[in-house]
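Examination of the molecular architecture
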Amino acid sequence: MKIALIGYGKMGKAIHQIAQEKNERLGKKVYDVSLIIDVDNRKSITKEELQQVDVAIEFTSPHTAVDNIKWCFDADVPVVVGSTGWTEKLDKIKQFAIDNNKAFLFAPNFSIGVNVFFEVNRYLAQIMNDLDEYDVNMEEIHHTEKKDAPSGTALHAALDVIQRLKRKSNWENVDTNDNSTLTIISKRIDNVPGTHIVTYESSIDKIDLIHTAHNRKGFAGGALLAAEWLQNKKGAFSMEDVLGFNKL
Ligand SMILES: NC(=O)c1ccc[n+]([C@@H]2O[C@H](COP(=O)([O-])OP(=O)(O)OC[C@H]3O[C@@H](n4cnc5c(N)ncnc54)[C@H](O)[C@@H]3O)[C@@H](O)[C@H]2O)c1
């Protein structure tokens, strides 16, 4: 599988490393990272050069993701997107992919563990509906270079709660006294790859659902898995599709 890495920062490099490790383990070149694209060469890569790959994996920034996705759509190259912080445009991009037979897969978090966390979070929200003595809030902790807050992962988990828990109708990134608002607290601490906590608390006890990433390998491995899965598919997909989870 020929891969273009769009964005060669922390995540692009982690994906490249995991691809090389997998090739070594398998004793053959399953993953061929044949195009590495970053700000210095982005404008000099032609559509024809991009079309030489089977899939593009995009991890850049909130401000550049949509332009890169459209570039891949234009070249008819399947694109796996990990950049976060641009999700106000996600529905339009998904619809465009579906209407125009493009292959697009976005996940705010590619780690398999986080996707299990998402699934349990949805289930928990569902069963907490009748237990209104519990209030819910969220916390996310990331490294200090992270550009968006709340994290795409926290936002995804928050929207999953709001969709299922009738007593919450919106979220805010500050602590509020409004009972219908789901509070998401964002903390930035050096070298933290990503921690997410969903807490339900009553006057008598507390339930914490916690996911802690130890490093970036989980995101990188999940993105490669998604890239393989996306081959020969058309439409807009998520990690739930890759992992075969049925959304509650
Ligand atoms: N979905 C996930 O699982 C997941 C996991 C970690 C990070 N992220 C997100 O992925 C994005 C990248 O994270 P990172 O930690 O690798 O960031 P980073 O800052 O280390 O790397 C981003 C790279 O993209 C490059 N870049 C910027 N604009 C570009 C453009 N127009 N074309 C090509 N390259 C460009 C930068 O020069 C840099 O090398 C962020 O939005 C982050 O929040 C997602």
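What counts and how
- Residues numbered from 1 in each chain as written.
- Predicted model: local features only at pLDDT ≥ 70, side-chain atom pairs only at ≥ 80, totals over all residues.
- Heavy atoms only, no water.
- Near = heavy atom within 4 Å.
- Polar contact = N/O pair within 3.5 Å; in protein donor to acceptor, adjacent residues only side chain to side chain.
- Areas by Shrake-Rupley, 256 points an atom, 1.4 Å probe, with all protein chains shown as cover.
- Core = buried A, V, L, I, M, F, W, Y, C linked by side-chain atoms within 4.5 Å.
- Buried < 20%, exposed > 50% of the residue type's maximum accessible area, 1.4 Å probe, protein only.
- Helix = DSSP H or I, 4+ residues; strand = E, 2+ residues; numbered from the N terminus.
- Contact = heavy atoms within 4.5 Å.
- Domains from an automatic or database assignment.
- Buried area = accessible area lost by both parts, 1.4 Å probe.
- Salt bridge = Lys/Arg side-chain N within 4 Å of Asp/Glu carboxyl O.

Before going further, it helps to examine the site of the ligand. The environment of the ligand is made up of 24 residues, and the closest members are K10, M11, D38, T84 and F110. Note that an oxygen atom of the ligand is positioned 2.5 Å from one of the side-chain N or O atoms of D38. Here an oxygen atom of the ligand and a side-chain polar atom of K146 are 3.0 Å apart. Here the ligand has 860 Å² of accessible area as a free molecule, and 82% of this is covered by the chains.

Moving on, we get to the nonpolar core. With 29 residues, the main nonpolar core has I3, I15, I57, V80, L105, F110 and L224 as its most contacted residues. Counting only elements with at least two residues in this core, the list comes to β1 (2–6), α1 (10–26), β3 (55–58), β5 (103–106), α7 (217–230) and α8 (239–243). Per-element accounting of this core gives the leading share, seven residues, to α7. Once residues within four sequence positions are removed from consideration, I57 is found in contact with I3, A4, L5, I6, I15, V80, A223, L224 and A227. Counting 24 residues, the second largest nonpolar core, distinct from the first, contains L50, A56, C72 and F104.

Looking at the assigned domains, one finds that the protein contains domain 1 (2–110 + 217–243) and domain 2 (112–212). Placing the centre of domain 1 and that of domain 2 at their C-alpha centroids yields a distance of 27 Å. Counting residues at the interface gives 13 residues for domain 1, matched by 15 residues for domain 2. If you sort the residues of domain 1 by the area they bury against domain 2, P108, N109 and E240 come out on top, with a joint share of 40%. On the surface where domain 1 and domain 2 come into contact, there are two salt bridges. One salt bridge connects R122 with E240, and the closest N-O pair in it is separated by 3.2 Å. On the surface where domain 1 and domain 2 come into contact, there are eight residue pairs in polar contact (both at pLDDT 80 or more). The element best represented in the side of domain 1 that touches domain 2 is α8, accounting for three residues.

In a structure, side chains of opposite charge can pair up when their charged atoms sit close to one another. If you walk through the whole model with that rule in mind, you get 15 salt bridges. Across the salt bridge formed by D32 and K29, the nearest N and O atoms sit 3.7 Å from each other. K47 serves as the salt-bridge partner of D74, at 3.8 Å between the closest nitrogen and oxygen. Of this pair, D74 sits in helix α3 (residues 65–75) while K47 is found in helix α2 (residues 47–50), placing the two residues 27 residues apart along the sequence. For D74, a relative accessible area of 49% puts it in the partly exposed group. Residues joined by salt bridges that share partners form a network here, namely E119, R122, D160, R164 and E240.

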